[in-house]
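Residues per chain, in single letters:
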Amino acid sequence: MTEQPARRRRTQSERREATQAAVLDTALEILATEGYVAFASSGVAARAGISRGALEHYYPRKIDLIAAACHHAIERSVAEAREAAASPDMAGDPVGTFLSASERFFFAPAYAAQIELLIAARADSALAGVIHPIVLDARRRLDDVWTEVLVRLGQEAAVARRYVDLSHVLMRGLYLAETWLPQGDEREKIIAQWRDASRALLASGL
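This write-up is about the structure you can find in this document. Counting starts from 1 at the beginning of each chain's written sequence and moves along it residue by residue. Thresholds applied to this predicted model are a pLDDT of at least 70 for local features of residues and 80 or more for the giving and counting of side-chain atom pairs; totals over whole chains, interfaces and linings are not thresholded and use all residues. Side-chain descriptors were evaluated using all non-hydrogen atoms of the structure, hydrogens and water having been removed beforehand.

## As for the overall build of the chain
Right, on to step 1. The helix and strand tally for the chain stands at ten helices and zero strands.
Right, on to step 2. Strands here mean DSSP runs of E at least two residues long; helices mean DSSP runs of H or I at least four residues long; both are numbered from the N terminus. Each helix and strand of the chain, placed in order from N terminus to C terminus, yields the pattern α-α-α-α-α-α-α-α-α-α.
Right, on to step 3. With the C-alpha coordinates of the chain rotated into their principal frame, the extents come out at 60 × 60 × 30 Å.
Right, on to step 4. Accessible surface computed for the chain: about 11,900 Å², of which carbon and sulfur atoms make up 53%.
Right, on to step 5. With 25 positive and 27 negative side-chain charges, the chain shows a separation of 5 Å between the mean positions of the two kinds. For accessible areas, the Shrake-Rupley method is used with a probe of radius 1.4 Å. Any residue's cover is judged against the shown protein chains and nothing else. Only four residue types enter the charge count: Lys and Arg as positive, Asp and Glu as negative, with His and the chain ends excluded. Where a charge lies is defined by one atom per residue type, namely NZ (Lys), CZ (Arg), CG (Asp) and CD (Glu).

As structure tokens, then:
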């Protein structure tokens, strides 16, 4: 019988990172499904399976937890965008690959959490001061990923940037419409129509 190799024990740093990731994922889940009004550090700790004291060791204040959760979501989203942009599909169908990745981002729970925070920030200047810079940075970085890859594939920089911006505006609107004004399968139809129109728009220089 072959002996199984002993499992390597995780380092303290790895355990800490895993705990923080679990806490931040839980925070995003609560924001996305229950909203900002129901969000509390104690609830995050309980659902993540750690003590309130352990959570406060990492994130002393609620705003620290929220900021960290947003950063966590953004880093993951940017990494996923870069992975999609580097995929072989990008060369064969850049428009389709970009729009599929964009749809995944805007209809993921992390984006729902972001919208909850932006709505709450309208009446909370302290929250706005933390959230707005994070969201603007995320928008810039994601736009840069897709603009750069479209430029590499032959688009003029100004045209690529405008197309990415228009596509993201469309996805934001579709998310909000689907969230508050359910429209059946309209999302699929509209994205398909935009995909079909995109090639002509890019060729014309918008």
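Don't stop here, the text continues.
## Notes on the packing of helix α8 (residues 125-152) against helix α9 (residues 157-180)
Right, on to step 1. Between N-to-C directions, angles span 0 to 180 degrees; the directions come from axes that are lines fitted to C-alpha atoms, helices contributing only their stretch in contact. Taken N-terminus to C-terminus, the directions of α8 and α9 make an angle of 130 degrees; their axes are 9 Å apart at the nearest point. The pairing of α8 with α9 is recorded here as oblique in orientation. Considering how the two elements wind past one another, α8 and α9 form a crossing that is right-handed. Between α8 and α9, the contacting residues are R139, R140, D143, D144, W146, T147, L150 and V151 on the first element and A157, A160, R161, Y163, V164, D165, H168 and R172 on the second. Convention used here: angles under 35 degrees read as roughly parallel, angles over 145 as roughly antiparallel, angles from 65 to 115 as roughly perpendicular, and any remaining angle as oblique. What makes a crossing left-handed is the near helix being turned counterclockwise from the far one by less than a right angle; a clockwise turn instead makes it right-handed. For this analysis, residues touch if any pair of their heavy atoms sits within 4.5 Å.

## A short note on the layout of surface pockets
Right, on to step 1. With a 1 Å grid spanning the protein atoms alone, the term cavity applies to any set of points in which a 1.4 Å probe fits but cannot get out, the term pocket to an open set with protein on both sides within 12 Å along at least five of seven lines, and the term lining residue to any residue with an atom within 4 Å of a point. Grid points are joined across faces, edges and corners, and a volume is the space filled by probe spheres set on the points. Its volume calculated, the largest pocket comes out at about 350 Å³.
Right, on to step 2. Along the wall of the largest pocket there are 19 residues; nearest its centre are S77, E80, R104, F105 and A108.
Right, on to step 3. Contributing elements (two or more residues each) for the lining of the largest pocket: α1 (12-34), α4 (62-85), α6 (94-106), α7 (109-121) and α8.
Right, on to step 4. In terms of residue count, α6 provides more of the lining of the largest pocket than any other element does, five residues in total.
Right, on to step 5. When residue character is reported, Ala, Val, Leu, Ile, Met, Phe, Trp, Tyr, Cys and Pro are called nonpolar, Asp, Glu, Lys and Arg charged, and the others, Gly included, polar. By residue class, the composition of the lining of the largest pocket is eleven nonpolar, three polar and five charged.
Right, on to step 6. Approximately 290 Å³ is the volume found for the second largest pocket.
Right, on to step 7. In terms of lining residues, the second largest pocket is bounded by 16 residues, among which Y111, Q114, L118, V135 and R172 are the most central.
Right, on to step 8. When residues of the lining of the second largest pocket are traced back to their parent elements, those giving at least two are α6, α7, α8 and α9.
Right, on to step 9. For the lining of the second largest pocket, the element with the highest residue contribution is α8, accounting for seven residues.
Right, on to step 10. Residues of the lining of the second largest pocket, tallied by class, amount to ten nonpolar, three polar and three charged.

## Looking at the nonpolar core
Right, on to step 1. Buried residues of nine kinds, namely Ala, Val, Leu, Ile, Met, Phe, Trp, Tyr and Cys, make up a nonpolar core once their side-chain atoms join them within 4.5 Å. Note on classification: 1.4 Å probe, protein chains only; a residue is buried when its accessible area is under 20% of the maximum for its type, exposed when over 50%, partly exposed between these limits. Of all hydrophobic cores here, the largest spans 59 residues; its most connected members are L65, L127 and W146.
Right, on to step 2. For this core, the secondary structure elements donating two or more residues are α1, α2 (41-48), α4, α6, α7, α8, α9 and α10 (186-204).
Right, on to step 3. Top element by residues in this core is α4. It accounts for 13 residues.
Right, on to step 4. Among all residues touching L65, those that are not within four sequence positions of it are V23, L24, A27, F39, S41, V44, L55 and Y59.

## Quick look at α9
Right, on to step 1. The first and last C-alpha atoms of α9 sit 35 Å apart over 24 residues, in line with the 34 Å expected at 1.5 Å per residue.
Right, on to step 2. Listed in full, the buried residues belonging to α9 are V159, A160, Y163, V164, D165, S167, H168, M171, L174, Y175 and A177.
Right, on to step 3. Here the buried face of α9 lies against α6, α7, α8 and α10. Residue count minus one, scaled by 1.5 Å, sets the expected span of a helix.

## Remarks on empty space enclosed by the protein
Any empty space left between atoms is shown by rolling a water-sized probe over those atoms.
Right, on to step 1. According to the stated counting rule, one finds one cavity of 30 Å³ or more in the structure shown.
Right, on to step 2. Lining the largest cavity are 13 residues, and of these C70, A73, I74, A110 and Q114 sit closest to its centre.
Right, on to step 3. Going through the elements one at a time, α4, α7 and α8 are the ones with two or more residues in the lining of the largest cavity.
Right, on to step 4. Of the residues contributing to the lining of the largest cavity, the split by class is eleven nonpolar, two polar and no charged.

## Some details on the packing of α6 against α10
Right, on to step 1. Closest axis-to-axis distance for the α6/α10 pair is 10 Å, and the angle between their directions is 140 degrees. At the point where α6 passes α10, the crossing takes the right-handed sense. Within the contact between the two elements, α6 uses V95, G96, L99 and E103 and α10 uses R187, I191, W194, R195, S198 and L202.
Right, on to step 2. Of the residues belonging to the contact of α6 with α10, the class tally is five nonpolar, two polar and three charged.

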